[in-house]
Amino acid sequence: MSHTLGRLSLEVISQSANTLGCASGSWRIWSVSDGYVDLPAETLKYPNNKICRQAESPQRNDSLVRLPVNCFLFDRSGMDRVLIDCGAGGSWDPSMGHLVEAMAEAGIDTSSITMIALTHAHGDHINGLLMPDGRRAFNGLRKIVIGQDAVEEFLAEPALEEFRQLLAPINGGDWLADHLLAVAIPGHARGHMGYLLNTDEDDVLFCGDLIHVPAAQFSCPELTWAYDDDEATARASRIKLLKDAAHARTWLAGAHLDRPGIGRIIAERQGFAFIPIV
């Protein structure tokens, strides 16, 4: 089924195997890939805990689902260059930890990153502060924004001790800058936070782990993920946010949406459809 959404002002200006660059007004927004991870399919569940089996698996192995790991970067003249999440570094599977390589592919200097805004403190979102070889990934980093309730989990990572002094805890509703709002998205993890960027032409919500398996959870948003801290709360957050995004024509940028991880939402049948930017 084809969908049309009328004129969309977020414009693709560059694309490579692991990156996508967009423009909206005076803003530049990039999606950069940290890689992917394969996880057991039984982690996707219906509300009654019945296991959901997808009709198709990218590995042609119905016991696994493949989750892309996306990070996002944006800036405009006169503002900090902000990175949303920083991938897994060397902390997990070797299929992840490739953010710095992807940024080089896009011609982005890692030392130009001055602020990282974390959606939560799971390893595939925070451990990329260090490269797989243990070196700092972002030498120009001055601040790490994190949800107040996620700080404890971050502090529990001994490998990241050197970054503790950079932490800047926030809560939902706090403004990070004049066009960047923190949005609480509870359920998946303690302090799980989204970031809403208004470019004066578009609203882009960097929504973290709101969705894990887009092939299933847009059309059936009641499906939950076994790694959610509170599955019922995560389900309610997902349904509300998708309704709001469809109504407001907000762009969604998700950590585990299929590459490049940016698109629009429309209501369709009993659920939603995701319309990728490319």
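Residues numbered from 1 in each chain as written. Predicted model: local features only at pLDDT ≥ 70, side-chain atom pairs only at ≥ 80, totals over all residues. Heavy atoms only, no water.

The next point concerns the nonpolar core. With 30 residues, the main nonpolar core has Leu-83, Ile-116, Leu-129, Phe-138 and Phe-154 as its most contacted residues. Secondary-structure elements contributing two or more residues to this core are β3 (27–40), β5 (64–75), α1 (99–105), β8 (143–147) and α3 (151–155). Examining the composition of this core, we find that three residues originate from one element, α1, more than from any other. With sequence-adjacent residues up to four places away left out, Leu-129 is seen in contact with Cys-86, Ile-116, Arg-135, Arg-136, Ala-137, Phe-138, Leu-141, Ile-144, Phe-154, Leu-160 and Phe-163. In terms of nonpolar packing, the next biggest core, distinct from the first, is built from 26 residues, Cys-22, Met-79, Val-204 and Phe-206 among them. (Core = buried A, V, L, I, M, F, W, Y, C linked by side-chain atoms within 4.5 Å. Buried < 20%, exposed > 50% of the residue type's maximum accessible area, 1.4 Å probe, protein only. Helix = DSSP H or I, 4+ residues; strand = E, 2+ residues; numbered from the N terminus. Contact = heavy atoms within 4.5 Å.)

In this section: unusual backbone geometry. With an omega of 5 degrees, the peptide bond running from Arg-259 to Pro-260 counts as cis. Relative to the elements of secondary structure, Pro-260 occurs in the loop between β15 (251–254) and β16 (262–268). For Asp-85, which is not glycine, the phi torsion reads 65 degrees and is therefore positive. Along the chain, the position of Asp-85 falls in the loop between β6 (82–84) and α1. The backbone of Asp-200 sits at a positive phi, close to 80 degrees, despite the residue not being glycine. Inspection of the secondary structure assignment puts Asp-200 in the loop between β12 (193–198) and β13 (203–208). The exposure class of Asp-200 is exposed, given its relative accessible area of 62%.

This paragraph deals with the confidence of the model for the chain. Counting all residues, the mean pLDDT for the chain is 91, and 91% of those residues have values of 70 or more. Residue range residues 50–60 is modelled with pLDDT below 50. Its contacts to residues more than four positions away, or to other chains, number 25 contacts. (pLDDT = per-residue confidence, 0-100.)

Looking now at the sheet that holds β13. Spatial strand order, β10-β11-β12-β13-β15-β16-β17: seven strands in an open sheet with mixed pairing. Among the strands making up the open sheet, the edge pair consists of β10 (175–177) and β17 (271–276). Across the sheet, the axes of successive neighbouring strands diverge by a mean angle of 30 degrees, strand direction being ignored. This element, helix α5 (residues 231–248), spans β13, β15, β16 and β17 of the sheet and lies at about 95 degrees to β16. (Pairing = 2+ DSSP bridges. Axes fitted to C-alpha atoms, helices over the stretch in contact; angles between N-to-C directions.)

With that settled, the discussion passes to the state of the cysteines. What the rule picks out here adds up to zero disulfides. Just so you know, Cys-22 is unpaired, no disulfide at all, and the nearest cysteine sulfur is the one on Cys-207, 15 Å from it. Looking at Cys-22, the relative accessible area reads 1%, which means it is buried. In this structure Cys-86 is not part of a disulfide, and its nearest cysteine sulfur, from Cys-71, lies 6.6 Å away. Look at Cys-86 and you get buried, because its relative accessible area is 1%. (Disulfide = S-S within 2.5 Å.)

This paragraph deals with the pattern of salt bridges. Applying the stated rule across the entire model yields ten salt bridges. Arg-264 is paired through a salt bridge with Asp-202; the nearest N and O atoms lie 3.6 Å apart. Linking Arg-264 in strand β16 with Asp-202 in the loop between β12 and β13, this pair joins segments that are 62 residues apart in sequence. On the accessibility criterion, Arg-264 (6% relative accessible area) is buried. Residue Asp-202 is classed as buried on the basis of its relative accessible area of 4%. (Salt bridge = Lys/Arg side-chain N within 4 Å of Asp/Glu carboxyl O.)

This model, assessed by the stated rule, comprises two cavities of 30 Å³ or more. Of the voids in this model, the largest cavity is the one considered here, and its volume is about 50 Å³. If you trace the largest cavity, you find it lined by Ile-185, Pro-186, Gly-187, His-188, His-192, Asp-209, Leu-210, Asp-228, Ala-234, Ser-237 and Arg-238. Across the lining of the largest cavity, the residue classes break down as four nonpolar, four polar and three charged. There is about 30 Å³ of room inside the second largest cavity. Contributing to the lining of the second largest cavity are Asn-70, Phe-72, Ile-84, Asp-85, Thr-119, Phe-206, Cys-207, Gly-208, Ala-253, Gly-254 and Ala-255. Breaking the lining of the second largest cavity down by element, the ones donating at least two residues are β5, β13 and β15. When residues of the lining of the second largest cavity are assigned to their parent elements, the largest contribution, three residues, is made by β13. Each residue belonging to the lining of the second largest cavity can be placed in one class, and the counts come to six nonpolar, four polar and one charged. (1 Å grid on protein atoms, 1.4 Å probe; cavity = no way out; pocket = protein on both sides within 12 Å on 5 of 7 lines; lining within 4 Å. Points joined across faces, edges and corners; volume = space filled by probe spheres on them. Nonpolar A, V, L, I, M, F, W, Y, C, P; charged D, E, K, R; others polar.)

Take the pairing of strand β1 (residues 11–15) next. Of the strand pairs in this sheet, β1 and strand β2 (residues 19–24) are connected by four bridges, and their pairing is antiparallel. For Val-12, the partnering residue across the bridge sits in β2 and is Cys-22.

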